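# Structural overview
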Amino acid sequence: MQSIKTLYKIGYGPSSSHTMGPANAAKYFKKHYPEADAFIVTLYGSLALTGKGHLTDQAIMHTLAPIKTTINWNTVDTTIEHPNTMDLTAYLDGKIIGSIRIFSIGGGNIKIKGEEKIKASLVKMYKESSTKQILEMCRNKHMSLVDYVRTNENEAFWNHLKRVWKIMQQSINIGLKQTSVIPGKLKLKRRAKILYEAPEKKITRVHMDKARNHLMAYAYAVCEMNASGGMIVTAPTCGACGILPATLRYSQELLKLTDNKIIKGLSVAGLVGNIARTNGSISGAEAGCQAEVGVACAMAAAAFAYFLKLSNKQIFDAAASALEHHLGLTCDPVLGYVQIPCIERNGLAAGRAIDAADLISLSSDHRKLNFDDIIATMLETGKALNAGYRETSTAGLADIYNKKNDKFKKKFDIKIS
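Residues numbered from 1 in each chain as written. Predicted model: local features only at pLDDT ≥ 70, side-chain atom pairs only at ≥ 80, totals over all residues. Heavy atoms only, no water.

### Concerning the sheet that holds strand S4 (residues 85–92)
Taken in spatial order, the five strands line up as S3-S2-S4-S5-S6 in an open sheet, and their pairing is mixed. Two strands close off the open sheet at either side, each with one partner strand: strand S3 (68–74) and strand S6 (109–112). Within this sheet the neighbouring strands show an average axis-to-axis angle of 25°, counted without direction. Here S4 pairs with strand S5 (residues 95–106) via eight bridges, running antiparallel. Residue pairing for S5: Ala90 is matched across the bridge by Gly98. Its contacts with the sheet place helix H3 (residues 56–64) against strand S2 (38–44), S3 and S4, and it is angled at close to 155° to S3. (Pairing = 2+ DSSP bridges. Helix = DSSP H or I, 4+ residues; strand = E, 2+ residues; numbered from the N terminus. Axes fitted to C-alpha atoms, helices over the stretch in contact; angles between N-to-C directions. Contact = heavy atoms within 4.5 Å.)

Dropping the structure here:
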């Protein structure tokens, strides 16, 4: 497995696979052809279908500036190897001097066609890649999961986690103060501040105390920052960036944890996310939202289980429980924006992460399927999903919204005439 450091990327939203990934691809290509005087970038699959809502073109053109850049949106070619495929071509004096195909594979990560195996071997840091292997290693060496991560990462990694936690807190704090409408055609009103400041009498559910209300508000705050193009941390993606920060902040306040303890929790959560992306996927375009919000919920559940001082196996069981109940979750963003259902989904998933860890703390010997089994099921389910439910905005909630909006327009036009 790669370093967990590559899972936690600090950058600007709204999408890791559709904004950060393409920007990284453009940066890579520009570096290889510094003499180019023009670029043409062709986007396919999910990048083409939802790229405008995700600001894909803006991210690419900003990265390739000041060189003249043309973006082509190919929404008809279905023979591509990966749903997030892009072709980049460099020109000099009207002649092609180079071209490359790059895949945005989720979490801001990219793969260059023909170089996948080479690049993977260069960054591999973990010999073990499954929970079974890791648990066996920890048993033999009498290690905690934090100890296990420490044996595989260097000091720079822990310094990176300190910055990650700082940015996560910053995203929450700024997001809680915002009151404006989120940019985009949906004109969605920010709700983080409203949720955070809700008076006790508004919290009517017996088991929904103010702390849990704040948990949801924290997730909203980060996601609203992401949807506005603000700075966030991929955890493991932009679309699922609110769940882990919210859980960590909630845990620190509830359990009176030090920042050092939170950093250790981040490492455990990162280990879970690393296993998921290695053996499954963290790309909504590849496996639906189960690969984004589902994996993020698993990461958060693992962190909270660690804070509850559960065993290594129980931590992975909490992650399994969290992901299991997101299986089949579709990725169908309305109008291609990372807003509906993404923001609300993060808020609810943060609560589910806490519930999963709590459940395992009370009953840990009943599970017949482990985290490895759930990841395998997630990948199998993702491949079986209709393409419309894998971040194309052509089915599900996105389709219903479009039909509803079209009907409204037609009725309005009839009245006017």
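### Here we look at the pairing of S6
Here S5 pairs with S6 via four bridges, running antiparallel. Among the inter-strand pairings, Ile102 is bridged to a residue of S6, identified as Ile112.

### Some remarks on helix H16 (residues 371–384)
Compared with an ideal rise of 1.5 Å per residue, which puts 14 residues at 20 Å, H16 spans 20 Å between its outermost C-alpha atoms and is within 8% of the ideal. Of the residues making up H16, those classed as buried are Phe371, Asp372, Ile374, Ile375, Met378 and Gly382. Viewed end-on, H16 has its buried residues packed into an arc of 165°, placing them on one side of the element. Of the exposed residues in H16, those oriented more than 90 degrees away from the buried face are Glu380, Lys383 and Ala384. The elements touched by buried residues of H16 are helix H5 (131–141), helix H11 (259–279), helix H12 (284–287), helix H13 (293–307) and helix H14 (312–324). Taking the backbone nitrogen of Asp372 as reference, a side-chain oxygen 3.0 Å away marks Asn370 as the first, capping residue of H16. (Expected span 1.5 Å × (residues − 1). Buried < 20%, exposed > 50% of the residue type's maximum accessible area, 1.4 Å probe, protein only. Arc of directions from axis to C-beta. Polar contact = N/O pair within 3.5 Å; in protein donor to acceptor, adjacent residues only side chain to side chain.)

### Quick word on the environment of Arg352
Relative to the assigned elements, Arg352 resides in helix H15 (residues 342–362). Through-space distance from the C-alpha of Arg352 to that of Glu153 is 30 Å; in sequence the pair is 199 residues apart. Not counting residues within four places of it along the chain, the set of residues in contact with Arg352 comprises Cys297, His325 and His326.

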